[in-house]
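Structure assessment
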Amino acid sequence: MPKLAISKDEEMNRIIRGSIKNAQEIQGMNVSKLAKLTGIPVSTLYYKMQNPTTFNIGELRTIFRVLRYKNEEKERLAREAI
């Protein structure tokens, strides 16, 4: 049976999820450490990573700051995920 095309929403979720996981890898940061530094409970962070549409803008800003996102990366992510 052929694979179904992924929805636009799922594509955007994958872009956000992949970007955060990539930044974590570059910084050598696991989810527990990211949760501690952002003030987001670990279980909530795991949930939001699986469902990126549940992040609010403040949480994303905090994650970007902690993971040291460059402005160019934030702009690229905004273009691709919106």
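These notes cover the structure that comes with them.

Analysis parameters
Residues numbered from 1 in each chain as written. Predicted model: local features only at pLDDT ≥ 70, side-chain atom pairs only at ≥ 80, totals over all residues. Heavy atoms only, no water. Helix = DSSP H or I, 4+ residues; strand = E, 2+ residues; numbered from the N terminus. Contact = heavy atoms within 4.5 Å. Areas by Shrake-Rupley, 256 points an atom, 1.4 Å probe, with all protein chains shown as cover. Lys, Arg positive; Asp, Glu negative; His and termini not counted. Charge placed at Lys NZ, Arg CZ, Asp CG, Glu CD. Axes fitted to C-alpha atoms, helices over the stretch in contact; angles between N-to-C directions. Parallel < 35°, antiparallel > 145°, perpendicular 65-115°, else oblique. Left-handed = near helix turned anticlockwise from the far one by under 90°. Nonpolar A, V, L, I, M, F, W, Y, C, P; charged D, E, K, R; others polar. Salt bridge = Lys/Arg side-chain N within 4 Å of Asp/Glu carboxyl O. Buried < 20%, exposed > 50% of the residue type's maximum accessible area, 1.4 Å probe, protein only.

As a further point, take the overall build of the protein chain. Of the regular secondary structure elements, the protein chain holds five helices and zero strands. Along its sequence from the N terminus, the protein chain presents helices and strands in the succession α-α-α-α-α. Counting only contacts in the protein chain whose residues sit at least 6 apart along the sequence, the fraction spanning at least 24 positions is 59%. Summed over all atoms, the accessible surface of the protein chain reaches about 5800 Å², with 54% contributed by carbon and sulfur. Across the protein chain, 15 positive and 9 negative side-chain charges occur, with their mean positions spaced 6 Å apart.

Moving on: the packing of helix H2 (residues 31-38) against helix H3 (residues 42-50). Two numbers describe how H2 lies on H3: the axes approach to 9 Å, and their chain directions differ by 110°. One element, H2, and the other, H3, form an angle in the roughly perpendicular class. Along this stretch, H2 crosses H3, giving a crossing that reads as right-handed. Contacts between H2 and H3 pair Val31, Ser32, Leu34 and Ala35 from the former with Val42, Leu45 and Tyr46 from the latter. A per-class count over the contact of H2 with H3 returns six nonpolar, one polar and no charged.

Applying the stated rule across the entire model yields five salt bridges. Between glutamate 10 and arginine 14 there is a salt bridge, with its nearest N and O atoms 3.1 Å apart. Taken as a pair, glutamate 10 and arginine 14 lie in helix H1 (residues 8-27) at a separation of four residues, close to a single helical turn. Classification of glutamate 10 as partly exposed rests on a relative accessible area of 26%. We note a salt bridge from glutamate 80 to arginine 76, for which the minimum N-O separation is 2.6 Å. Here arginine 76 and glutamate 80 lie together in helix H5 (residues 71-81), a separation of four residues that amounts to about one turn. Judged by its relative accessible area of 27%, arginine 76 falls in the partly exposed class. Residues joined in a network through salt bridges with shared partners are Glu10, Arg14 and Arg17.

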